[in-house]
Amino acid sequence: MTRYSALSLLREGLRGHRGWQPAWAKARPKPAYDAVVVGGGGHGLATAYYLARNHGLTRVAVLEKGWIGGGNTGRNTTAVRSNYFYPESVALYDLSLRLYEGLSRELNYNIMLSQRGMLIAAHTPAQMEICARIANAMQLNGVDGHLMGAEEAARRIPLLNRTCDARFKCLGGVWQGRAGVARHDAVAWGYARAASDLGVDIIENCTVTGLDIQAGRIAGVETDLGPIRTTRVGLAAAGATPGLAAMAGVRLPIHTYALQAFVSEPVKPMLDTILLYLGTGTYVSQSDKGELVFGGGLDRVPTHGQRGNLPAQETVVSGLLEMFPAFAQLKLLRQWAGVVDVVPDSSPVIGPAGPDGLFVNCGWGTGGFKAIPAGGWLLAHLLATGTHDAISRPFDLDRFARGRLIDEAAGSGIAH
Amino acid sequence: MQQFPCPFCGLRDETEFHFGAEAGKHRPEPAPDVSDADWADYLYGTDAPKGAAREVWVHLTCGEFFVMTRDTVTRAVLGADALPGRNI
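Residues numbered from 1 in each chain as written. Chains lettered and ligands numbered in written order. Predicted model: local features only at pLDDT ≥ 70, side-chain atom pairs only at ≥ 80, totals over all residues.

**Some words on the overall build of chain A**
So, point 1. Helix and strand counts for chain A come out as 12 helices and 19 strands.
So, point 2. Counting only C-alpha atoms, chain A reaches 65 × 60 × 40 Å along its principal axes.
So, point 3. For chain A, the residues scored as buried account for 53% of the 416 residues in total.
So, point 4. Partitioning the contacts of chain A with sequence separation of at least 6, the portion at a separation of at least 24 is 74%. (Helix = DSSP H or I, 4+ residues; strand = E, 2+ residues; numbered from the N terminus. Buried ≥ 20, exposed ≤ 12 C-beta atoms within 10 Å, placed from the backbone. Contact = placed C-beta atoms within 7 Å.)

Set out below in structure tokens:
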């Protein structure tokens, strides 16, 4: 594999860019693997990479029914952060953020991480108290975060709607300076390139049609490209996970919804942080190209179709105009949706499920992108060792039977 | 804006409706004999079917719960029925 560097860019520039190699090798399925990962999004590719890198398992296949990074990995609004409430969640999401902080170097692939900070804005004294509670929890859990006042918020985001007719005035809120954005495609491609370089087979356009289970153990997977023998299968397929788990007779606590995102036409730099309004649920950042990238709450209709509905669009766009009324003049460039897997306590499900050798990494709902490195790291640990890392243990499927939910919807104010 | 059919009120905007749960769950009884796993499945387990789905919805404006059958990929509504014992 050619290392990417300023020198290699210069060399190729002088040679007319004729020497670049494909970033990863397209593979056809072999008859057997030590482990098979279903889902070629960020989580699945990261799982394969850490299986090879952390555990020395290289007879690994990633099966993707479409193209890699074409699902939610390529459909999110690219925010990464760890401003959660419960210790278990902060341990999980901050592992992810720490891995993101070193990822460009680790993968030798520029993921364009930009830690520009994120403000969760409150509008009432009561909401400010909740924000203080979250900021205190973050500090107790060893993560950067503090309560930001209205003055500082207005200084950082001068275009904020501060007129007397603002429905939701910004009184400040929770600030996390290490939060940021990263180029989501590059995360998928970087993990794919690094995994492929370590010997992992990345197989696109390969749909899993069944799971071969013998005597309560995984014996292989059936695909439209033929059967594959393996004793370990990891599912990392977001909204498609319930259908895959059903092949093993496993029911998961997942509802699937469409989550939409939007990009405006590009404008000059005017917002150098990520902003989320608690009052509307709309969040926004500005891309390097100048486009406003924004989104909000879920469509309220369960679906497996990657299309959004109009009422949710109206809610999200009106939330943006509440923050910045001047944006009413902007045109939308694009709008799209991904199918997210929503769990009652808004925390992921990571762990064994059903037959021996089957593991899931799902339930990330609306927040899977920020968790890609951790999700891959922890699923790889499960596949390689058969046991939990201490960080993933609380997120086992058994928490629903034990009644030990990790309710981040209540804890950190996720709006669904 | 899609419109959903309320068995009592007819076609109304989708914003007037709220998804309740997947239809067809039966509360396991008697409670002392129900295992934690069965109770958790009753509380939280879903099929999240891709394609035809039977779901309990509520029409918020009239307050009636009913069963709607939908295609979860195309979002087409395949049918809407009042719950047993509720006369239209």
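**Some remarks on helix H7 (residues 184-197) of chain A**
Residue pairs three or four apart in sequence face the same way in an α-helix, which turns once every 3.6 residues.
Residue and element names in this part refer to chain A.
So, point 1. When the terminal C-alpha atoms of H7 are compared, their 20 Å separation across 14 residues agrees well with the 20 Å that a helix rising 1.5 Å per residue should span.
So, point 2. Buried residues dominate H7, accounting for 12 of its 14 residues.
So, point 3. Here H7 has its buried residues at His-184, Ala-186, Val-187, Ala-188, Trp-189, Gly-190, Tyr-191, Ala-192, Arg-193, Ala-194, Ala-195 and Ser-196.
So, point 4. Close packing links the buried residues of H7 with helix H2 (42-55), helix H4 (103-107), strand S8 (201-203) and helix H10 (372-385).
So, point 5. Two residues or fewer past H7, Gly-199 is found with a positive phi of approximately 110°. (Expected span 1.5 Å × (residues − 1).)

**Focus on helix H3 (residues 87-101) of chain A**
Residue and element names in this part refer to chain A.
So, point 1. An ideal rise of 1.5 Å per residue puts 21 Å on 15 residues; H3 measures up with 20 Å between its terminal C-alpha atoms.
So, point 2. Of the residues making up H3, those classed as buried are Glu-88, Ser-89, Val-90, Leu-92, Tyr-93, Asp-94, Leu-95, Ser-96, Leu-97 and Tyr-100.
So, point 3. Contacts from the buried residues of H3 go to strand S3 (79-80), H4, helix H5 (125-140), H10 and helix H12 (408-411).

**Details of the UniProt feature "domain: Rhodanese" (unreviewed entry) in chain A**
So, point 1. Under the UniProt annotation, the feature "domain: Rhodanese" (unreviewed entry) is placed at residues 36-79 of chain A.
So, point 2. Measuring from the first to the last C-alpha atom of residues 36-79 of chain A gives 29 Å, for a span that is 32% helix and 18% strand. (UniProt positions renumbered as here; feature names shortened; annotations may be inferred.)

**Things to note about the environment of Val-181 of chain A**
Residue and element names in this part refer to chain A.
So, point 1. As for its placement among the helices and strands, Val-181 is situated in strand S7 (residues 180-181).
So, point 2. For the pair Val-181 and Asn-54, spaced 127 residues apart in sequence, the C-alpha to C-alpha distance is 26 Å.
So, point 3. Here Val-181 is in contact with Thr-78, Ala-79, Val-80, Ser-114, Arg-116, Ile-274 and Ser-285, once residues within four sequence places are set aside.

**Observations concerning the sheet that holds strand S5 (residues 64-71) of chain B**
All names here are of chain B.
So, point 1. Pairing within the open sheet is antiparallel, and its 4 strands lie in the order S3-S4-S5-S6. Either end of the sheet is taken by a strand with one partner, and the two such strands are strand S3 (17-22) and strand S6 (77-82). Ignoring which end each strand starts from, the neighbouring axes of this sheet average 35° apart.
So, point 2. Examined bridge by bridge, strand S4 (residues 52-59) and S5 share 8 bridges and lie antiparallel to one another. Paired with Val-58 across the strands is Phe-65, a residue of S5. (Pairing = 2+ DSSP bridges. Axes fitted to C-alpha atoms, helices over the stretch in contact; angles between N-to-C directions.)

**Examining the interface of chain A and chain B**
So, point 1. Facing 21 residues of chain A, the contacting portion of chain B comprises 20 residues.
So, point 2. For the side of chain A that touches chain B, the elements supplying multiple residues, two or more each, are helix H8 (241-246), strand S13 (255-264), strand S16 (292-302), helix H9 (310-323) and helix H11 (399-402) of chain A.
So, point 3. Broken down by class, the residue content of the side of chain A that touches chain B amounts to 12 nonpolar, 7 polar and 2 charged. (Nonpolar A, V, L, I, M, F, W, Y, C, P; charged D, E, K, R; others polar.)

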